[in-house]
Amino acid sequence: MRLPPAILGNTEEVLREILRFTAPADVTLSRYFKDHQRLGPRERGVVAEAVYAVLRNKTFFTDFGGTGGTPSMRRLALLGLSETVGIDALGGLSEDETAFLNRIKEIDRNLLPPLARANMPQWLYDKLVAQFGEGEAQELAAVLNTPAPLDLRVNAIKANRDEVIAKLAEAPIVAEPTPYSPLGLRVKKKPNLQGLPLFKEGAIEVQDEGSQVLAQILAARRGEMVVDFCAGAGGKTLALGATMRNTGRLYAFDVSEKRLSKLKPRLARSGLSNVHPVLIAHERDAKIKRLAGKIDRVLVDAPCSGLGTLRRNPDVKWRQPEGAVAEMQEKQASILDGAARLLKGGGRLVYATCSLLNEENDVIVEQFLASHPDFELVPMNKVLAEQKIDLEMGDYLKLLPHKHQTDGFFAAVLERKPMAAKAPKAAAPEADAE
């Protein structure tokens, strides 16, 4: 079935705004669709996928889509649409445009230069080659340039995985258990979930399997005091609350009121009453100091370059300047130091990022351990065995899209030595932290 010719104009229009890289692509798309409500769900899906196809293949499309120069925005829109729906689905093309798309289609991309195959900035490709070697860097880049699967987490206080699979099948939506998370499901295609009773009732949440594993390795228990230090919109917070069986006290800290506001409707659906969202100014906020030495477990999903999420957010590689990684390192070290003060003796901290780069991962943890003798690293293989997660790792968790079909995630488990705990200076009431 052919698309109306107007779709090409819509794609070209929104692409022109997105390629300025002044805002995240998903934010720009959302705003565009809000301003163009005549576009139906199918048309919106086609435009969005075409935009993401251009972002994933930008180097290739730019190198081969021009006629002796940079391709026009119309040509980029055509390439994105043909990549998504195929040439035959496009209406209103001239003979030259059809011939152009067929010519691009015939190019054997396996014969392209390495950077054109990787479709990423030179600085990022060089870092991946230095870290993984050229062969694996190419494998990783190839998978990063494909759409991510849709993963769900079953809310264990409302349903079990088999029940959810059966109810989804009635929709009909095909879902399969994920290999590492005992509550994870991978959904075929990308159905509209928000209208489903399962979603409205809080029995399922959209969450990448890798993110679910991060919540598992924190191993929060019933009745404990737990902090999600960089909670954001609360995906991991909700997973932790369910793991704690809605007991104890779970603080969701974040510096962004907007992000925390997105947690509220999710929290209402979840049925959890042990979660306490807390807006903080920074990692040295007085609200944090009042809880120093009182917390059993802390999850630090630190702000990072986000390069492990390129399948979902391909614009990140073009919006992120090389110098941003060094800036992130300073912030990550400071946040980890601030969060560590919360732990009581014997308490566990998980430092995590959705970055692929050692500079934001291993290096930060090793620097922290060198300056905090009261902490020790718990080998990840030991933690995974305790949690019965079938993953082969060394000291750290390193989930990679081309190996594990998750987003790219790093995590390290740190524990405060029991004898090193210091009594808090003042025992303020817990409610003061809210």
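Being a predicted model, the structure only gives us computed values, none of them experimental. (Residues numbered from 1 in each chain as written. Predicted model: local features only at pLDDT ≥ 70, side-chain atom pairs only at ≥ 80, totals over all residues. Heavy atoms only, no water.)

When pLDDT is low, close inspection of the predicted coordinates is not appropriate. Mean pLDDT over the protein works out to 93, with 95% of the residues at or above the 70 mark. This stretch, residues 426-434, has a pLDDT under 50; its non-local contacts, to residues over four places away or in other chains, come to 16 contacts. (pLDDT = per-residue confidence, 0-100. Contact = heavy atoms within 4.5 Å.)

Inspection of the entire model under this criterion finds 24 salt bridges. The partner of Arg 266 in a salt bridge is Glu 205, and the shortest N-O contact between them spans 3.0 Å. Here Arg 266, found in helix H14 (residues 257-270), pairs with Glu 205, found in strand E4 (residues 204-206); they are 61 residues apart in sequence, far enough to count as distant. The same class applies to Arg 266 and to Glu 205, which are both buried. (Salt bridge = Lys/Arg side-chain N within 4 Å of Asp/Glu carboxyl O. Helix = DSSP H or I, 4+ residues; strand = E, 2+ residues; numbered from the N terminus. Buried < 20%, exposed > 50% of the residue type's maximum accessible area, 1.4 Å probe, protein only.)

Looking now at the pairing of strand E6 (residues 249-254). Along E6, 6 of the 6 residues are buried, which leaves the element largely enclosed by surrounding structure. Burial along E6 is two-sided: the face carrying Arg 249, Tyr 251 and Phe 253 and the face carrying Leu 250, Ala 252 and Asp 254 are both buried. Bridge count for strand E5 (residues 225-228) against E6 is 4 bridges, and the pairing is parallel. Note on E6: the bridge partner recorded for Met 225 is Arg 249. (Pairing = 2+ DSSP bridges.)

Put simply, Ala 171 and Pro 172 share a cis peptide bond, and its omega is -5°. Along the chain, Pro 172 falls in the loop between helix H10 (161-169) and strand E2 (175-177). For Ala 219, which is not a glycine, the phi torsion comes out positive at approximately 55°. Turning to its location among the elements, Ala 219 is positioned in the loop between helix H12 (209-218) and E5. Non-glycine residue Arg 245 carries a positive phi angle of around 55°.

Further remarks concern helix H1 (residues 6-18). Compared with an ideal rise of 1.5 Å per residue, which puts 13 residues at 18 Å, H1 spans 19 Å between its outermost C-alpha atoms and is within 8% of the ideal. Listed in full, the buried residues belonging to H1 are Ile 7, Leu 8, Asn 10, Thr 11, Glu 12, Val 14, Leu 15 and Ile 18. Each element contacted by the buried residues of H1 is listed here: helix H2 (25-35), helix H3 (41-56) and helix H5 (73-85). (Expected span 1.5 Å × (residues − 1).)

Summed over all chains, the structure comprises 8 aromatic pairs. With centroids separated by 6.2 Å and ring planes inclined at 70°, the aromatic side chains of Tyr 32 and Phe 33 adopt a geometry described as edge-to-face. In terms of burial, Tyr 32 and Phe 33 fall into one category: buried. Residues Phe 229 and Phe 253 carry aromatic rings whose centres are separated by 6.0 Å and whose planes lie at 70° to one another, so their mutual orientation is edge-to-face. Placement of Phe 229 in the loop between E5 and helix H13 (235-243) and of Phe 253 in strand E6 is noted, with a sequence separation of 24 residues between them. Across the pair, exposure class does not vary: Phe 229 and Phe 253 are buried alike. What links up through ring pairs into an aromatic cluster is the set Phe 60, Phe 61 and Phe 64. One residue, Lys 58, lies across the ring of Trp 318, its end atom 4.2 Å from the ring centre. Above the face of the Phe 100 ring, Arg 75 is positioned so that its terminal group lies 3.9 Å from the ring centre. (Phe/Tyr/Trp six-rings, centres within 6.5 Å; stacked < 30°, edge-to-face > 60°. Lys NZ or Arg CZ within 6 Å of the ring centre and 35° of its normal.)

Moving on, we come to the packing of H12 against H13. At a minimum axis separation of 9 Å, H12 and H13 run at an interaxial angle of 45°. With respect to H13, the axis of H12 lies oblique. For H12 against H13, the interelement crossing comes out right-handed. Contacts from Ser 211, Leu 214, Ala 215 and Leu 218 of H12 reach H13 at Lys 236, Ala 239 and Leu 240. Looking at the contact of H12 with H13 residue by residue, the class counts come to 5 nonpolar, 1 polar and 1 charged. (Axes fitted to C-alpha atoms, helices over the stretch in contact; angles between N-to-C directions. Parallel < 35°, antiparallel > 145°, perpendicular 65-115°, else oblique. Left-handed = near helix turned anticlockwise from the far one by under 90°. Nonpolar A, V, L, I, M, F, W, Y, C, P; charged D, E, K, R; others polar.)

Right, let's talk about the sheet that holds E2 for a bit. Spatially, 4 strands are ordered E2-E3-E1-E4 in an open sheet, and the strand pairing comes out antiparallel. With partners counted over all chains shown, the strands left at the sheet margins are E2 and E4, one partner each. Each strand of the sheet is rotated relative to its neighbour by a mean of 35°, with strand direction disregarded. Pairing of strand E1 (residues 150-154) with strand E3 (residues 184-187), which is carried by 4 bridges, proceeds in the antiparallel orientation. Looking across to E3, one finds that Leu 150 is bridged to Val 187.

Within the secondary structure, Asn 361 sits in the loop between strand E9 (343-353) and helix H18 (362-371). Looking at Asn 361, its side chain comes within polar contact range of the main-chain oxygen of Ser 355, at 3.2 Å. For Asn 361, the residues in contact, after removing those within four places along its chain, are Tyr 351, Thr 353, Ser 355, Leu 356 and Phe 410. (Polar contact = N/O pair within 3.5 Å; in protein donor to acceptor, adjacent residues only side chain to side chain.)

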